[in-house]
Amino acid sequence: MQGCPGSRTQSFEKKDQEVTGDEAGRRPSELRQWPVQMHLVSPQAPYFEKADVLLAADCVPFAMADFHKDFLKGNALTIACPKLDSNQEIYVQKIAALIDEASINTLTVMIMQVPCCGGLLALAKDGIEKAERKIPLKVVVVSLQGEVLSEDWA
Amino acid sequence: MQDFLNMSIKEVIEKHPGVGSLLEEYDIGCVPCTVATCLLKDIVTIHNLPKKDEAILMYSIEKEIYPDRDVKLKEVVEEEKKEELGYSPPMQQLVDEHVHIKQMIAYIANVLELVAQDEKIDKDLILDVVRFIREYADKYHHAKEEDILFDYTDKSLEIINVILEDHVTARGHIKAVVDAVETGNKEKIVDHLTAYQSLLTEHIRKEDEILFPWIDRGLTTRQVGEIYQKFAQANQELGENLPERNLDFLESLNSKFQQQHQGGN
């Protein structure tokens, strides 16, 4: 149990009786745009115009079973990894451009509980600081097993 | 019981004073409320008690009203406590503005002391206080609630009417202060400033502790963003100078009364 919590090996073994989710039915995807990766998206894309934007760490949608239903629905999306992605200063510029040029309504940053994921929030704050307009920022922290640990306005 | 649920809390407490004490046990302060026209059913919802406490409170109220009735305590499955979000950014802005209004409310006590001890009324000081209240508390702050925030609520709810009525009553007190300054009526100045002080203290408490958290619980992220932008637009239309000059005035009162306090010692 040593080393970086972001890359430490862990298994989440679940007994059958612990699986309580509803397995019936199918849900449509709530994604309404392409691309999503932060290096690929353009702040000028029409789907960002005045949108509520979700900036999710890459691992979040895999951890959360109901990510589409509870968080993606109705929002524009962009994803990034603060630990592995390169040229992150471009991310700061893109966030500032989303605020000033696309006039986004709000920004919700969803990160995993591991410490290195906090880097994504720092990037978002830098982008907001750089922008001339001000917008509300919400932060959602997700556990490794997909629970919402906290949801706060920053 | 349905009749009582749809009755104003003032009437309920008048008929059954014990209900007031029961509400106080849960920090629901309807007894000292000057208006108290909220409906019993809304009061319980608005205060967002844990489900179990709400069931016990409703049981106790029904027992208080109908002591001979065989009232059953509603069974409640204990819910996992959901972490309450802090104030949303626009609501935080209103709460921050309250801090300055509360500072002014505190200085009104010093102003009242001066009015009582000086033979001549310091008209300029009192009219400057009035200007702060009209510009900052009313035009800058209350207008955002009335013209923007309350559009995101059910305006027919009694709690909103109570808040709006407070605004109207406060304006009435301030107009009466101005009239009293013109006629040199010290007693009326003291009466209406004191009434304003007490009304706004309770009003701000109601908003910070009950109304704003309740409104926040009902807002979507999209609505929070909209309200935030509308507040920014409203502030911009009034100009940066309005809050600046009023906060400078608060600072000047702070120095004035600190000096007086030191001079008195």
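To be clear, the structure that these remarks concern was listed above.
Residues numbered from 1 in each chain as written. Chains lettered and ligands numbered in written order. Predicted model: local features only at pLDDT ≥ 70, side-chain atom pairs only at ≥ 80, totals over all residues. Heavy atoms only, no water.

### A look at the overall build of chain B
Stated formally: A helix here means a DSSP run of H or I that spans at least four residues, while a strand means a run of E at least two residues long, and both kinds are numbered starting from the N terminus. Any residue under 20% of the maximum accessible area for its type is buried, any over 50% is exposed, and the rest in between are partly exposed; the area is computed with a 1.4 Å probe on protein chains only. Every accessible area reported is derived by Shrake-Rupley at a probe size of 1.4 Å, with residue values counting cover from the shown protein chains alone.
Counting its secondary structure elements, chain B contains 11 helices and zero strands. Taken from the N to the C terminus, the helices and strands of chain B come in the order α-α-α-α-α-α-α-α-α-α-α. With the C-alpha coordinates of chain B rotated into their principal frame, the extents come out at 65 × 45 × 35 Å. When the 265 residues of chain B are sorted by exposure, 45% land in the buried category. As presented, chain B carries roughly 14200 Å² of accessible surface, and 49% of it is formed by carbon and sulfur atoms.

### Section: the packing of helix H7 (residues 123-147) of chain B against helix H8 (residues 158-183) of chain B
Helix packing geometry: the angle between the two helix axes and the distance between the axes. Residues and elements named next belong to chain B. Threshold: An axis is simply a line fitted to the C-alpha atoms; with a helix, the fit covers only the stretch in contact. Between two such axes, the angle follows the N-to-C directions and lies from 0 to 180 degrees. Each angle receives one of four descriptions, namely roughly parallel if under 35 degrees, roughly antiparallel if over 145, roughly perpendicular if within 65 to 115, and oblique otherwise. It is the rotation of the near helix from the far one that decides the hand of a crossing: anticlockwise by less than a right angle makes it left-handed, clockwise makes it right-handed. We call two residues contacting when some pair of their heavy atoms lies within 4.5 Å. Residue polarity follows a fixed list, in which Ala, Val, Leu, Ile, Met, Phe, Trp, Tyr, Cys and Pro are nonpolar, Asp, Glu, Lys and Arg are charged, and the others, Gly among them, are polar.
As a packed pair, H7 and H8 sit with axes 11 Å apart at the nearest point and diverge in direction by 160 degrees. Between H7 and H8, the angle falls in the class roughly antiparallel. For the element pair H7 and H8, the recorded crossing hand is left-handed. Taken together, the residues of H8 that come into contact with H7 (itself represented by Lys 123, Ile 126, Leu 127, Val 130, Ile 133, Arg 134, Asp 138, His 142, Glu 145 and Glu 146) are Leu 164, His 167, Arg 171, Ile 174, Lys 175, Val 177, Val 178, Val 181 and Glu 182. Here the contact of H7 with H8 is built from residues that sort into nine nonpolar, two polar and eight charged.

### Here we look at helix H4 (residues 118-130) of chain A
All names here are of chain A. Heads up, the condition is: Helices are assigned an expected span. That span is 1.5 Å times one less than the residue count. The directions considered for the arc run from the helix axis to the C-beta atoms.
Under the 1.5 Å per step criterion, the end-to-end length of H4 is 19 Å for 13 residues, consistent within 8% with the ideal 18 Å. Buried residues of H4: Leu 120, Leu 121, Leu 123, Ala 124, Gly 127 and Ile 128, and no others. Angular distribution of buried residues about the axis of H4 spans 155 degrees; they occupy a single face of the element. Residues of H4 that are exposed and angled more than 90 degrees away from the buried face: Glu 129 and Lys 130. Where H4 is buried, its residues contact strand S1 (52-57), strand S2 (76-80), helix H3 (89-100), strand S3 (106-112) and strand S4 (137-142).

### Quick look at a negative patch on the surface
Residues and elements named next belong to chain B. Put simply, the rule reads: Patch definition: residues above 30% relative accessible area lacking any salt bridge, with like charges linked at up to 9 Å and the nonpolar side chains Val, Leu, Ile, Met, Phe, Trp and Tyr linked at up to 5 Å. For this document, the term salt bridge refers to a Lys or Arg side-chain nitrogen within 4 Å of an Asp or Glu carboxyl oxygen. Asp and Glu count as negative and Lys and Arg as positive, but His and the ends of the chain are not part of the count. Here the site of a charge means atom NZ of a Lys, CZ of an Arg, CG of an Asp or CD of a Glu.
Taken together, Glu 240, Glu 244, Asp 248 and Glu 251 make up a surface patch of like negative charges. Take Glu 240: it is sitting in the loop between helix H10 (221-238) and helix H11 (241-264). The exposed category is assigned to Glu 240, whose relative accessible area is 63%.

### Thoughts on the environment of Leu112(B)
Tracing the backbone shows Leu112(B) in helix H6 (residues 89-117). Residues in contact with Leu112(B), not counting those within four places in the same chain, are Val190(B), Leu193(B), Thr194(B) and Gln197(B).

### Details of the side chain of His203(B)
Along the chain, the position of His203(B) falls in helix H9 (residues 186-218). With residues up to four places along the chain from it excluded, the contact list for His203(B) reads His142(B), Ile163(B), Asp166(B) and His167(B).

### Notes on the nonpolar core
Generally speaking, soluble globular proteins have nonpolar side chains that are buried together. Selection criterion: Working definition of a nonpolar core: buried Ala, Val, Leu, Ile, Met, Phe, Trp, Tyr and Cys residues. They are joined through side-chain atoms within 4.5 Å.
In this structure, Phe48(A), Val60(A), Phe67(A), Leu107(A), Val109(A) and Met110(A) are the most contacted members of the largest nonpolar core, which totals 49 residues. At the level of secondary structure, the elements contributing two or more residues to this core comprise S1, helix H1 (60-63), helix H2 (67-72), S2, H3, S3, H4 and S4 of chain A. Excluding anything up to four places from it in sequence, Met110(A) contacts Leu54(A), Leu55(A), Ala56(A), Ala57(A), Val60(A), Met64(A), Phe67(A), Phe71(A), Leu120(A), Val140(A) and Val142(A). Of all hydrophobic cores here, the second largest spans 43 residues; its members include Met1(B), Leu94(B), Val95(B) and Ile163(B).

### With respect to the pairing of S3(A)
All names here are of chain A. What counts is decided by this rule: Throughout, right-handed denotes a crossover for which the path from the first strand over the helix to the second runs clockwise when the strands point away from the viewer.
Most of S3 sits out of view: seven of its seven residues are buried. Of the two faces of S3, the one carrying Thr 106, Thr 108, Met 110 and Met 112 and the one carrying Leu 107, Val 109 and Ile 111 are both buried. Once the chain exits S3 it traverses H4 before rejoining the sheet at S4, and the crossover so formed is right-handed.

### Quick look at the sheet that holds S4(A)
Residues and elements named next belong to chain A. Going by this rule: A strand pair is defined by DSSP finding two or more bridges across the two strands.
As summarised here, the arrangement of the five strands in space is S2-S1-S3-S4-S5, forming an open sheet in which the pairing is mixed. One side of each edge strand has no neighbouring strand; the edge strands of this open sheet are S2 and strand S5 (148-153). Adjacent strand axes in the sheet meet at a mean angle of 15 degrees, parallel and antiparallel pairs treated alike. Here S1 pairs with S2 via five bridges, running parallel. By the bridge assignment for S2, Ala 56 is matched with Ile 79.

### Some remarks on the interface of chain A and chain B
For clarity, the cut-off: Summed over both partners, buried area is the accessible surface (1.4 Å probe) that two parts give up on being assembled. Counted as a polar contact is a pair of N or O atoms within 3.5 Å, where, for protein atoms, one must be capable of donating a hydrogen and the other of accepting one, and residues adjacent in sequence contribute only when both atoms are in side chains.
With 14 residues of chain A at the interface, the matching set in chain B holds 12 residues. Each partner contributes to the roughly 1100 Å² buried at the junction of chain A and chain B, and carbon and sulfur atoms together form 55% of this total. Looking only at chain A, the three residues that lose the most surface to chain B are Asn105(A), Pro136(A) and Trp153(A), adding up to 48% of its buried area. Two residues, Asp52(A) and Arg222(B), come together in a salt bridge whose shortest N-O distance is 2.5 Å. For the interface between chain A and chain B, the tally reads six residue pairs in polar contact (both at pLDDT 80 or more).

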